[in-house]
There are 2 protein chains.
Amino acid sequence: MHGNPKPTLAGAATPALVLDLGRLKANCERMKNRCRELGARLRPHMKTLKSIDAVRYAIDPSHGGIAVATLNEAEYFAKRGLTDIQCAVCISPDKLPRAVDILRGAPRFSFFVDSVQTAQRVVEVARSRSSPLRVWLEIDSGEHRTGVAAEDPSVLEIVRVLNQPAVVFEGVATHAGHSYRARTPEQLRDVANRERIAVVRAAQKLRAAGLPVEGVSVGSTPTAVHLSNTEGITEVRAGVYMAGDLFQVALGSLRLEDVAVTVLATVISHNPALNQIVVDAGALALSKDRSTAVGPGPDMGYGLVLDLLGHRLASDLTIIDVHQEHGEIRSNSRIPFEHLPIGSKVRILPNHVCMTAAMYEHYLVVEGSDAVEDIWERTNGWS
Amino acid sequence: MHGNPKPTLAGAATPALVLDLGRLKANCERMKNRCRELGARLRPHMKTLKSIDAVRYAIDPSHGGIAVATLNEAEYFAKRGLTDIQCAVCISPDKLPRAVDILRGAPRFSFFVDSVQTAQRVVEVARSRSSPLRVWLEIDSGEHRTGVAAEDPSVLEIVRVLNQPAVVFEGVATHAGHSYRARTPEQLRDVANRERIAVVRAAQKLRAAGLPVEGVSVGSTPTAVHLSNTEGITEVRAGVYMAGDLFQVALGSLRLEDVAVTVLATVISHNPALNQIVVDAGALALSKDRSTAVGPGPDMGYGLVLDLLGHRLASDLTIIDVHQEHGEIRSNSRIPFEHLPIGSKVRILPNHVCMTAAMYEHYLVVEGSDAVEDIWERTNGWS
């Protein structure tokens, strides 16, 4: 970004995605410090920000690796020099050739399995190449999405299949995604504790059977924040903490004033009779995620409306309804139309930043002011 | 697409977006015929498919124009040779320079306004250039999103402001988006009738005041399907009918077997104890749209699961829950795990195709078989 004058949010095309660099840095430092205090290493999950520019703030120097959720993200980060990339999703056999290609650029690329069948295919593919495939066994610690329960006999069966020279068994990993269903700090501490116990138990069982286990990986932002004991754990994965969103605020993962990603939108219509303002950020720009409708905090509609500089308005306004390209702001108290004229800009704090950010190719990077200091790319999609 | 063998859905990376060309053609022909029978011209809305390849099937030869929902779409189609492009959303004054640029490539590019303030800015910008800006007045026919009511005095005020040599006043336009809240065919016919009456009344009022009105534009897929009288109307806008989705099926806009767009996904995990299968299409691949949860038809979760060729399974399966990259299939009856092994592929009919398709850059084009006949691009985003 060279030249003069510097671009501004006020002059930017909307809707657009804004990232506050100071907040991102602080969120990253806070999580690194927290993991350090807990005696664990942090593997930042890049599924939220999906940006090489964000990685440099997120990486824990004591670890060096990242997690991702798609092979596309793995390819993106491998091409940009990252070597320890964990795809924290169960792979299907048809994706193994693509995984092999990623290993060429990122020699520590790894992925999850949770079945004997896939483990067998991994071994077959691994034997046909010179350097090993790297695999984590996914443990289900209560979310009941993917993974096998620690007490399931297939824990041993799968790792016995993987116990081949052509495969590096990286360890056991779990994700307590059901932390998102917790409603109190006590519940979150309980989920975090059970997450740890499940994966540690699986590791112990494998070791008792003579199968060495190095990595023991847990993670989700709410459990990382509420974890009090890291005994037996080698790494913590978390991602949404870097950006934050309204749902994470409701869960107590961070404060409203820590949220680093917002959607820049322009007022396009006034309707004083309905006490309604319409902005050009709708269902595509914000996503249809309604996490705060069922969370422990207040229902924030499709997002909380802030002013151009990201400050709260005198009375909180939210996006009450969305259409594809329209967001409707309505309120029980009178809307200050005079402060939000047609053509003026607002910033909208999203419910769930992973969903919202995925609609954009770039971040407009700011540092607390209207000036756009930089533009960061992000990757999206699956191909 | 040259070479041999032809790529197949079975060999495609997932999640991916599949478009059945035969169904798209039939959906396009049906809507063109319907408008012809009604004596109206069709302006296909490209906000759903956002693809130059789809336009050739959608265009009504008696009209030649299209509608879009963003300036990005307008730019995309203008660059590819379309000249009559209506951006069917109220513009904000800051976007006028971009609109002026679009007019260079698409001399019949037009947009909506619904305020005196924006109309004044349009006139100021139009006076500073040689060829006219083209503007529609948006009428609110009951959706209460944007637009002014036909009986509102600002109808006359806005068009008087626009009544300048530098501006082409294209006419009045409305969108009965509240048709999506209708639950019976009677309600849909009623909404379609009120949509027509509102905009015809606005046109009459303007003509009575000596202000000529040429275009009288209505539209939404449900009202286009349920409209019985087009008196006073010059064009019908509709878009989602080209692809169709579960919500449009529930509204009676088309049949389940007409839906042309599906998400190709791969089974990545089995959990017989939970009677659950997990696929690699989650919240990003399907969107979090839950239209069928509140529609007149059955709740289809996050989508209806079909086999690789798009046929219904013996017992209907739906995506019950989604995470960022995981979709969970559960059922009250036993899931046929043996027919859906890990690594096998399914196709998922989405709730709301406008939201789902926006997550992809391409369509894998098929014609009823597993063979990928072509790959079509689509545009996304706002920049």
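This text goes with the structure placed above it.
Summarised in this report is the structure supplied together with it. (Residues numbered from 1 in each chain as written. Chains lettered and ligands numbered in written order. Predicted model: local features only at pLDDT ≥ 70, side-chain atom pairs only at ≥ 80, totals over all residues. Heavy atoms only, no water.)

## Focus: the interface of chain A and chain B
Working step 1: Every contact between the two is made by 52 residues of chain A and, on the other side, 52 residues of chain B.
Working step 2: Remark: the boundary between chain A and chain B carries six salt bridges.
Working step 3: For the side of chain A that touches chain B, the secondary structure elements donating two or more residues are strand S4 (85–90), helix H5 (116–127), strand S10 (261–271), strand S11 (276–279), helix H10 (283–286) and helix H12 (353–357) of chain A.
Working step 4: In terms of residue count, the dominant contributor to the side of chain A that touches chain B is S10(A) (four residues).
Working step 5: Counted by class, the side of chain A that touches chain B contains 21 nonpolar, 16 polar and 15 charged residues. (Contact = heavy atoms within 4.5 Å. Salt bridge = Lys/Arg side-chain N within 4 Å of Asp/Glu carboxyl O. Helix = DSSP H or I, 4+ residues; strand = E, 2+ residues; numbered from the N terminus. Nonpolar A, V, L, I, M, F, W, Y, C, P; charged D, E, K, R; others polar.)

## Some points on the sheet that holds strand S4 (residues 85–90) of chain B
All names here are of chain B.
Working step 1: What the eight strands build is an open sheet, ordered S2-S9-S8-S7-S6-S5-S4-S3; its pairing is parallel. Among the strands making up the open sheet, the edge pair consists of strand S2 (41–44) and strand S3 (66–68). Along the sheet, successive strands turn relative to each other by an average axial angle of 30°, direction set aside.
Working step 2: Two strands pair when backbone bridges link them, and S4 and strand S5 (residues 110–113) are joined in this way by three bridges, in the parallel orientation. If you follow Cys87 over to S5, its bridge partner there is Phe111. (Pairing = 2+ DSSP bridges. Axes fitted to C-alpha atoms, helices over the stretch in contact; angles between N-to-C directions.)

## Thoughts on unusual backbone geometry
Residues and elements named next belong to chain A.
Working step 1: A cis amide bond links Thr14 with the next residue in sequence, Pro15, at an omega value of -5°.
Working step 2: Relative to the assigned elements, Pro15 resides in the segment before strand S1 (16–20).
Working step 3: The phi torsion at Asn275 lies on the positive side, around 50°, for a residue other than glycine.
Working step 4: Along the chain, Asn275 turns up in the loop between S10 and S11.
Working step 5: Exposure remark for Asn275: the relative accessible area of 14% places this residue in the buried category.
Working step 6: A positive phi angle is found at Ser287, which is not glycine, with a value near 80°.
Working step 7: Mapped onto the elements of the fold, Ser287 is located in the loop between H10 and helix H11 (291–294). (Buried < 20%, exposed > 50% of the residue type's maximum accessible area, 1.4 Å probe, protein only.)

## Topic: the packing of helix H6 (residues 154–162) of chain A against helix H7 (residues 185–208) of chain A
The description of two helices packed together rests on the angle between their axes and the distance between the axes.
Residues and elements named next belong to chain A.
Working step 1: Contact geometry of H6 with H7 gives a least axis separation of 10 Å together with a crossing angle of 60°. Looking at the two axes, H6 sits oblique to H7. At the point where H6 passes H7, the crossing takes the right-handed sense. Across the interface between the two elements, Val155, Leu156 and Val159 from H6 touch Ala202, Lys205 and Leu206 from H7. (Parallel < 35°, antiparallel > 145°, perpendicular 65-115°, else oblique. Left-handed = near helix turned anticlockwise from the far one by under 90°.)

## Observations regarding the packing of aromatic side chains
Working step 1: Applying the stated criterion across every chain yields a total of ten aromatic pairs over all chains.
Working step 2: On the numbers, 6.1 Å between centres and 15° between planes, the contact of A:Tyr57 with A:Trp376 is stacked. One end of the pair, A:Tyr57, is in helix H2 (residues 52–58); the other, A:Trp376, is in strand S17 (residues 374–377), with 319 residues separating them in the sequence.
Working step 3: Relative to B:Phe111, the ring of B:Phe109 lies with its centre 6.2 Å away and its plane at 50°, an arrangement referred to as tilted. (Phe/Tyr/Trp six-rings, centres within 6.5 Å; stacked < 30°, edge-to-face > 60°.)

## Remarks on the side chain of A:Asp114
Working step 1: With respect to the element layout, A:Asp114 can be found in the loop between strand S5 (110–113) and H5.
Working step 2: One polar contact links the side chain of A:Asp114 to the main-chain amide nitrogen of A:Gly147, over a distance of 2.9 Å.
Working step 3: Within the local environment of A:Asp114, its side chain forms a polar contact with the side chain of B:Ser269, the two groups lying 2.5 Å apart.
Working step 4: Excluding its chain neighbours within four sequence positions, the residues that come into contact with A:Asp114 are A:Cys90, A:Leu137, A:Glu138, A:Thr146, A:Gly147, A:Val148, A:Ile158, B:Ile268 and B:Ser269. (Polar contact = N/O pair within 3.5 Å; in protein donor to acceptor, adjacent residues only side chain to side chain.)

## Brief notes about the relation of the copies chain A and chain B
Working step 1: Rotating chain A by 180° and moving it 0.0 Å along the rotation axis overlays it on chain B with an RMSD of 0.0 Å. Taken together, the rotation and translation relating the two chain copies correspond to the operation of a two-fold axis. Considering only C-alpha atoms, the residue of chain A closest to the rotation axis is A:Lys288, which sits at 2.8 Å.
Working step 2: Most of the interface of chain A is mirrored in chain B, where 100% of its interface residues are also at the interface. (Least-squares fit on C-alpha atoms with pLDDT ≥ 70 in both.)

## Some details on helix H1 (residues 21–38) of chain B
All names here are of chain B.
Working step 1: The terminal C-alpha atoms of H1, which comprises 18 residues, lie 26 Å apart, in line with the 26 Å expected from a rise of 1.5 Å per residue.
Working step 2: Where H1 is concerned, the buried positions are Leu21, Leu24, Asn27, Cys28, Met31, Lys32, Cys35 and Leu38. In a view along the axis of H1, the buried residues occupy a sector of 135°, so they form one face of it. In H1, the exposed positions that point more than 90 degrees away from the buried face belong to Arg36 and Glu37.
Working step 3: Here H1 starts with a cap whose side-chain oxygen sits 3.1 Å from the backbone nitrogen of Gly22, and that cap is Asp20.
Working step 4: Downstream of H1 by a residue or two, Gly39 has a phi angle that is positive, lying close to 80°. (Expected span 1.5 Å × (residues − 1). Arc of directions from axis to C-beta.)

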